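# Examining the three-dimensional arrangement
Listed below are the residues making up each chain.
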Amino acid sequence: MDNRQAIGSWLSGPKAAAEDMGVDFGHPGQRLGLPQEGPGSVARFGRRIGAVTIDWIGCQLIAYGLITGRDLGAAGNWTLGLFVVLAILTVGTVGFTPGKRALGLRVVAEDGGRLGFGRVAVRTLLLALVIPALIWDRDGRGLHDRLARAVQVRI
């Protein structure tokens with residue numbers, strides 16, 4: 001192996017190096033029995049971050065305009081609180097937040113059913129901590145989804 005290949009595998013990470021050696025990890029969601037593309041497939045990172053952004057901006061506008069009297073400094077904690085309440089209520093009842101619905105996403109249990117409010121609350125509180133959402137498995141699910149036994153899918 002020449003140095004370029006070693007550097008390339010170091011930069012690409014262990015998964016890319018294993019794939020170069022012939023290991024087949026399958027598509028995201030395959031272990032969960034989900035299709036590779038289309039409705040029911042695992043939602044990609046770009047759509048998920050877009051949905052969170054839409055929800056966050058909506059909560060921030062409500063906090064800024066209606067709760068804090070246009071005090072941007074005080075809107076931060078209110079925004080987080082509104083985001084948590086929004087996510088628990090909407091994901092717990094219909095399976096998606098307004099941002100997820102706008103981008104065609106839904107949160108479901110690993111078996112395809114609905115999540116109960118307890119699992120939604122755990123998922124949302126971990127999401128509010130941010131770090132668990134940044135630790136992913138090979139299916140592209142954050143730690144908050146893994147612990148809640150949930151998966152975000154396209155609708």
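Above this text is the structure in question.
Given the structure is predicted, the values throughout are model-derived calculations rather than measurements. Throughout this description, residue numbers start from 1 for each chain and increase along the sequence as written. Per-residue local features of the predicted model are confined to residues with pLDDT of at least 70, and side-chain atom pairs are confined, for both listing and counting, to 80 or more; whole-chain, interface and lining totals are unaffected and use all residues. To get the side-chain values, take all heavy atoms of the structure and skip hydrogens and water.

### Examining the overall build of the protein chain
Here a strand is any run of E in DSSP of at least two residues, a helix any run of H or I of at least four, and the numbering for each starts at the N terminus. On a plain count of helices and strands, the protein chain comes out with eight helices and two strands. Start at the N end of the protein chain and walk to the C end: the helices and strands fall as α-α-α-α-α-β-α-α-α-β. Per-residue accessibility, obtained with a 1.4 Å probe over protein chains only, is compared with the maximum for each type, and a residue is labelled buried under 20%, exposed over 50%, and partly exposed between these values. Of all 155 residues assigned to the protein chain, the portion counted as buried reaches 35%. Look at the contacts in the protein chain between residues 6 or more apart in sequence, and 57% of them connect residues 24 or more apart. Total accessible area computed for the protein chain in this model is approximately 9,200 Å², and 62% of it derives from carbon and sulfur atoms. Residues are treated as being in contact if the distance between any of their heavy atoms lies within 4.5 Å. Each accessible area value is a Shrake-Rupley result obtained with a 1.4 Å probe; residue values ignore everything except the protein chains displayed when judging cover.

### Describing the nonpolar core
One recurring pattern in soluble globular proteins: nonpolar side chains tend to sit buried together. For this analysis, a nonpolar core means a set of buried residues of the types Ala, Val, Leu, Ile, Met, Phe, Trp, Tyr and Cys, connected via side-chain atoms within 4.5 Å. V91, V107, A109, L115, V120, A148 and A150 form the largest nonpolar core, which has seven residues in total. Sequence-distant contacts of V107, defined by excluding residues within four places in its chain, comprise V91, G95, K100, L115, R123, A150, V151 and Q152. If you look at the next biggest cluster of nonpolar residues, it comprises five residues, including L34, V108, V151 and V153.

### Considerations on helix α6 (residues 117–128)
For α6, which comprises 12 residues, the first-to-last C-alpha distance of 16 Å matches the rise-based estimate of 16 Å (1.5 Å per residue) to within 8%. Tucked inside the fold, the buried residues of α6 contact α4 (72–93), α5 (98–102), β1 (105–109), α7 (131–134), α8 (143–147) and β2 (150–154). Note on α6: the residue one or two positions beyond its end, V130, has a positive phi of about 70°. Expected helix span is given by 1.5 Å per residue-to-residue step, counting one fewer step than there are residues.

### Some points on the environment of Q30
Within the secondary structure layout, Q30 lies in the loop between α2 (14–20) and α3 (45–67). The spacing of Q30 and V42 is 12 residues in sequence and 9.2 Å in space, taken between C-alpha atoms.

### Notes on the pattern of salt bridges
What counts as a salt bridge is simple: a side-chain nitrogen of Lys or Arg found within 4 Å of a carboxyl oxygen of Asp or Glu. A full pass over the atoms with the stated rule returns six salt bridges. The partner of D137 in a salt bridge is R146, and the shortest N-O contact between them spans 3.4 Å.

### Looking at the packing of aromatic side chains
When the centres of two rings from Phe, Tyr and Trp lie within 6.5 Å, Trp using its six-membered ring, the rings pair. Their planes under 30 degrees apart give stacked, over 60 give edge-to-face, and anything left gives tilted. Inspection of the entire model under this criterion finds two aromatic pairs. Of note, R101 hangs over the ring of F96, and the distance from its end group to the ring centre comes to 5.5 Å. Should the NZ of a Lys or the CZ of an Arg lie within 6 Å of a ring centre and within 35 degrees of the ring normal, that charge is described as sitting over the ring.

### So, the layout of surface pockets
Detection works on a 1 Å grid of protein atoms alone, calling trapped sets that fit a 1.4 Å probe cavities and calling open sets with protein on both sides within 12 Å along at least five of seven lines pockets, with lining residues defined by an atom within 4 Å of a point. Grid points are joined across faces, edges and corners, and a volume is the space filled by probe spheres set on the points. Taken as a whole, the largest pocket spans an internal volume of roughly 380 Å³. Lining the largest pocket are 20 residues, and of these I49, V52, L127, V130 and A133 sit closest to its centre. For the lining of the largest pocket, the secondary-structure elements that each account for two or more residues are α3, α4, α6, α7 and α8. Looking at the lining of the largest pocket, the element that brings in the most residues is α3, giving five residues. For this classification, the nonpolar set comprises Ala, Val, Leu, Ile, Met, Phe, Trp, Tyr, Cys and Pro, the charged set comprises Asp, Glu, Lys and Arg, and every other residue, Gly included, is treated as polar. Looking at the lining of the largest pocket, its residues break down into 12 nonpolar, four polar and four charged. Considered as a void within the structure, the second largest pocket measures approximately 200 Å³ in volume. Looking at the second largest pocket, it is lined by 15 residues, and the ones nearest its centre are P28, D137, R138, D139 and G140. Split by residue class, the lining of the second largest pocket holds six nonpolar, three polar and six charged.

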